[in-house]
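# Structure assessment
Residue-level listing of the chains:
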Amino acid sequence: MSFLNLCGTRIIRTKVAILGSGMAGMAAARTLSENGISDFLIIEAQSTLGGRMKEIKFGGYTIELGPSWIQGIRNNETGEENPIWTLANKHKLMNIYTDYDDLLTFDQNGFTNYSNIVNQAFDKFDQVVDDAAKRLALGLEDLSFAQGLSLQGWIPQTPHEKVADWWAFDFEYADTPSASSMIETSMHTKTSYARWSEDNHFVIDERGYGTLVREEAKTFTNEKNILYNSTVTKVKYSNRL
Ligand SMILES: Cc1cc2nc3c(=O)[nH]c(=O)nc-3n(C[C@H](O)[C@H](O)[C@H](O)COP(=O)(O)OP(=O)(O)OC[C@H]3O[C@@H](n4cnc5c(N)ncnc54)[C@H](O)[C@@H]3O)c2cc1C
């Protein structure tokens, strides 16, 4: 049982309190609902559902501020469908296949084909992910991802190599290989998008990617289960039921 003390003005009693209404909070609430528990409250700091799945209107068009791709459709080994893809189909989220093989590379002279270097950077990335799993299994200490790449002979020096390195790493992880853990990055890769097939679909729906959370929430809950504009600042635990 959870008691929510709203700045000392109101006490709300609920069986389960869910902090945050992003995809994780929504999935937690849906799981409770599917198992017959309807006494839950989602507490959300913002005024909308969706968390990082958020968009703004710009020049009359929807601009995604967070995620834009559905990263893979299914697990090729088990056949399990990516639950985001399931939701996208259910709520008819418009999307378009992104063909990463159809890549044009440019430099200061205009179009220059160095996609072989880009492919090399991605191959090296995959090799470091495999090496990280071996290090973990052997109980070896972590390295930076850049050190892992260097052990694989990838030390980008030319401008083309540096662009390829950025595209293969920094673009996805929003940081440099030297500032990133080899093991953590690799485990994240394995358990998130590498879990699914390589086909990426770019969301082009004017309702925004977040419509998945908003529409799905409507199927199992109502506004009574959601507390907007409320930031949780303290969580206290007690044995009292
Ligand atoms: C720029 C960017 C691009 C991305 N691109 C992709 C992509 O293309 N494809 C993809 O699959 N993933 C992508 N991701 C990752 C994806 O957005 C996240 O993995 C996912 O949205 C996380 O969902 P979540 O529910 O775990 O967290 P969040 O979406 O962060 O939800 C957490 C919620 O909790 C609320 N909250 C936090 N603290 C409190 C508090 N104290 N009190 C009350 N409420 C609180 C927040 O307001 C928020 O609504 C991207 C992320 C970013 C930032």
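Higher on the page you've got the structure.
Let us look at the structure shown here. Keep in mind the model is a prediction, meaning the values are calculated, not measured. (Residues numbered from 1 in each chain as written. Predicted model: local features only at pLDDT ≥ 70, side-chain atom pairs only at ≥ 80, totals over all residues. Heavy atoms only, no water.)

### Overview of the site of the ligand
Close contacts around the ligand come from 21 residues, with Ala-24, Glu-44, Arg-52, Trp-69 and Val-232 the closest. About the coverage of the ligand: the protein hides 61% of its 1,000 Å² of free accessible area. Taken together, the elements giving at least two residues each to the shell around the ligand come down to α1 (23–34) and β7 (69–71). For the shell around the ligand, a count of residues per class yields eight nonpolar, 11 polar and two charged. Per-domain counts for the shell around the ligand show at least three residues from each of domain 1 (1–51 + 215–241) and domain 2 (52–214). (Near = heavy atom within 4 Å. Areas by Shrake-Rupley, 256 points an atom, 1.4 Å probe, with all protein chains shown as cover. Helix = DSSP H or I, 4+ residues; strand = E, 2+ residues; numbered from the N terminus. Nonpolar A, V, L, I, M, F, W, Y, C, P; charged D, E, K, R; others polar. Domains from an automatic or database assignment.)

### What to know about the sheet that holds strand β8 (residues 95–98)
Read from one edge of the open sheet, three strands run β7-β11-β8, paired in antiparallel fashion. Edge strands, defined here as strands with exactly one partner in the open sheet, are β7 and β8. For this sheet, the mean angle separating the axes of adjacent strands, direction not counted, is 30°. Where β7 and strand β11 (residues 200–203) come together, three bridges link them in antiparallel fashion. (Pairing = 2+ DSSP bridges. Axes fitted to C-alpha atoms, helices over the stretch in contact; angles between N-to-C directions.)

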